[in-house]
Structure formats: C-alpha cells, structure tokens
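Chain by chain, the residues:
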Number of protein chains: 2
Amino acid sequence: MTTLHLADTSHLDILTHMVGAFRDEEGITSDEDHRRKALLPLLKGSPYGVIYLMGPLSSPLGYIAITFTWSLEFGGLDGTIDELYLRKKVRGRGIGTSAIYRLIKVLSQHGLKSLALEVDGRNQRALQFYHSTGFRLREHYNLMVMELV
Amino acid sequence: MTTLHLADTSHLDILTHMVGAFRDEEGITSDEDHRRKALLPLLKGSPYGVIYLMGPLSSPLGYIAITFTWSLEFGGLDGTIDELYLRKKVRGRGIGTSAIYRLIKVLSQHGLKSLALEVDGRNQRALQFYHSTGFRLREHYNLMVMELV
C-alpha cells in the first residue's frame, strides 16, 4: 500500500515544485510565489485542508490535497480531493489507487462523512480510475460557479 | 435589497424549523436533533461556514447557508451556497435574487475568490434563477462522490 505522509512546512519546496509541474501539464500558468502562498496555510494546520505526500519522504512520488468543509445535511465534515498528482514516470503502477484506499481509511478514522471530487467528464481514464476506487458520479447535478472580485 | 443577518445561536430554533421545512419539501427525512447538531457549529463561529437569515429578524423569510474551503489553485477561500431556502409564501418576489446580490457584495468584501453551488440540471427554474444572478455552469465537469463510514 502506498504510504501517505502528512506534509508540513518542511515540504514547501518540493510541493511548490510538484504543484508547478501539475499546472504546467494542465496548461495553467502559475508563478512560484503564488503557489507557495497557496500551499502554506495547508501546511501550517489550516482547518480547511491537508496535503499528503505519496511514497518515500526522501523522494515523494506525488501529492494529494484534501480540502474540508461542513455539510449541513450530514451534520459533519465533508472532504474533497482538490488535487491528486503523480510524477509522470511512476504512473500506471497502481500507486494512485493504492493511495486512495489508504486515504479513505485515514479520513474515515477521522470521522469524515464523505469524499468528493470534480472530474472532466470527457476524461475517460480519470472517470474509470475514480470509479474503480469507489467514487460514483453524482448524476443530474451540475456545478455553477461565479468568480468574485 | 433584501437584508441579510448573520445568524448566531439565538436563531437555532427558527433555523431548525426552516431547515426541517426545506428537508420536507425535498422529500428528505430528518430529525430535529440531527438538524440542531448540524446547524450549531455554523452558528458558533466555525471556520467552515456561516448562515444568513433573509428579511426581518423578527420573522425571517428564509436562510442561506454558505460553506467555506481553501482553493489550492486560487490561493484563497472559496465559498459554496450549501442551501438557500425561502418560505413558500414569499417566493417569486425577487427576494432570493436580491439576497444573492447582497451576498456577493458581502463575500467579495471578505476576500472570497469564488462562489459555487450544485444544482439539479433538470431543474430549469433553478438553473435560470442562478444564471440570472451571474452563476455559470461549469461545463464538462462532473462531481463524483463516495460516502465514508
């Protein structure tokens, strides 16, 4: 089973690098300073989320960022997989699947009620991957968003 | 413009009642004790969200529950309209629209980066309502969920 390590501020550099690699791959422009500032609260104990490093701490294989919020309907904390990134070289070996099983176990023990994620419905590989680990599409429901300035 | 009042523990009874009316309407079974426990953290200053009462405090017309979480991409707090409920008698008068405009103003002032919500894509009235206030469908993206036990 892939080991998960709760990241702290000592992992800021390696995470800033990996988040940058993820953004590059997604075609999203990001600058280093912005990434550092975005990561820091989650490494400093913010109630809004945690980041886990996958694999050996000396050379992490990737990271999973989980954010938390409250569900009025369930009366408990809901989690969201905000980001999951694996270095290109180690993909296709079951590391992500194994990390998600481990994650489910850890988050359940912490009393989390449910875990959600957003997926591009055209990305069959991602849909199949998350389906195989137990996620189900929330049929008929759509997200609507408004940017605030 | 519809007035919004930040709810606190003194509004627990009226909110427990209104959340129950909302659940009844949605065909969701809920018991009073569970609703009270689910509401309480948001009335006691939890970082995960706030509840606004709409209209006069002596006789609220409805409520809006907003939850907060962190966005690693944006490096700031994201909000979600978790629930929006208006008493049946006062619907169709523009109260919800007006409340959302007020809400956007308040949340922007507090530095929120974006506001999201989940809508039943078959509910044309809800889609049109939120579209008219500035929300846009997040095309191609789907939610996947897993219940944890």
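Every chain's residues receive numbers from 1 upward, in the order its sequence appears when written. In the order they appear in the text, chains get letters beginning with A and ligands get numbers beginning with 1. pLDDT decides what is reported in this predicted model: residues at 70 or higher carry local features, side-chain atom pairs at 80 or more are listed and counted, and totals for whole chains, interfaces and linings draw on all residues regardless. No hydrogens and no water enter the side-chain calculation; it runs on all heavy atoms of the structure.

A. Seen up close, the packing of aromatic side chains. Note on ring pairs: Phe, Tyr and Trp rings are taken, using the six-membered ring of Trp, and paired if centres are within 6.5 Å. Classes follow the plane angle, with under 30 degrees stacked, over 60 edge-to-face and the rest tilted. Taken as a whole and assessed by the stated rule, the structure comprises 11 aromatic pairs over all chains. Where Phe 22 of chain B meets Tyr 85 of chain B, the ring centres are 5.5 Å apart and the plane angle is 40°; that geometry is what we call tilted. Highlighted residues: Phe 22 of chain B in helix H1 (residues 12-26) and Tyr 85 of chain B in strand S4 (residues 76-86), separated in sequence by 63 residues. Neither residue differs from the other here; Phe 22 of chain B and Tyr 85 of chain B are each classed as buried. Ring centres of Tyr 63 of chain B and Tyr 85 of chain B lie 5.9 Å apart, and the angle between their planes is 35°; on these two criteria the pair is classed as tilted. Of this pair, Tyr 63 of chain B sits in strand S3 (residues 62-71) while Tyr 85 of chain B is found in strand S4, placing the two residues 22 residues apart along the sequence. Per residue, the accessibility class of Tyr 63 of chain B equals that of Tyr 85 of chain B, and both read buried. Chaining the aromatic ring pairs together yields one cluster made of Phe 22, Tyr 63 and Tyr 85 of chain A. By the criteria applied, helices consist of DSSP H or I runs no shorter than four residues and strands consist of E runs no shorter than two, each listed in order from the N terminus. We call a residue buried when its accessible area falls under 20% of the maximum for its residue type, exposed when it is over 50%, and partly exposed in between, using a 1.4 Å probe and counting protein chains only.

B. The environment of Arg 36 of chain A, seen in detail. Residue and element names in this part refer to chain A. Within the secondary structure layout, Arg 36 lies in helix H2 (residues 32-43). Along the chain, Arg 36 and His 17 lie 19 residues apart, while their C-alpha atoms are 9.3 Å from each other. The contact rule is simple, with two residues in contact once any of their heavy atoms fall within 4.5 Å. Those residues in contact with Arg 36, other than ones at most four positions away along the chain, are Leu 12, Asp 13 and Thr 16.

C. Spatial organisation of the interface of chain B and chain A. Each partner contributes to the interface: chain B provides 57 residues, whereas chain A provides 57 residues. Accessible area that two parts lose when put together, with a 1.4 Å probe and added across both, is what the buried area reports. Taken over both partners, the interface formed by chain B and chain A buries close to 5,400 Å², and the fraction arising from carbon and sulfur atoms is 61%. What makes a salt bridge here is a side-chain nitrogen of Lys or Arg within 4 Å of a carboxyl oxygen of Asp or Glu, nothing more. Seen at the junction of chain B and chain A, the total is 2 salt bridges. In this structure, Arg 138 of chain B and Glu 118 of chain A form a salt bridge, with 2.4 Å as the shortest nitrogen-oxygen distance.

D. Structural detail: the packing of H1 of chain B against helix H2 (residues 32-43) of chain B. Residues and elements named next belong to chain B. Lines fitted to C-alpha atoms define the axes, with helix axes restricted to the stretch in contact, and inter-axis angles between N-to-C directions lie between 0 and 180 degrees. Axis separation between H1 and H2 bottoms out at 9 Å; the angle between their running directions is 125°. Our classification of the angle between H1 and H2 gives oblique. Considering the relative orientation of H1 and H2, their crossing is right-handed. Each of Leu 12, Asp 13, Leu 15, Thr 16, Val 19 and Gly 20 in H1 lies in contact with H2, whose residues at this interface are Glu 32, Arg 35, Arg 36, Leu 39, Leu 40 and Leu 43. When grouped by side-chain class, the residues that make up the contact of H1 with H2 number 6 nonpolar, 2 polar and 4 charged. Roughly parallel means an angle under 35 degrees; roughly antiparallel, over 145; roughly perpendicular, 65 to 115; everything else is oblique. It is the rotation of the near helix from the far one that decides the hand of a crossing: anticlockwise by less than a right angle makes it left-handed, clockwise makes it right-handed. Throughout this entry, Asp, Glu, Lys and Arg are counted as charged residues, while Ala, Val, Leu, Ile, Met, Phe, Trp, Tyr, Cys and Pro are counted as nonpolar. The remaining residues, Gly among them, count as polar.

Shape descriptors only; they carry no functional weight alone.
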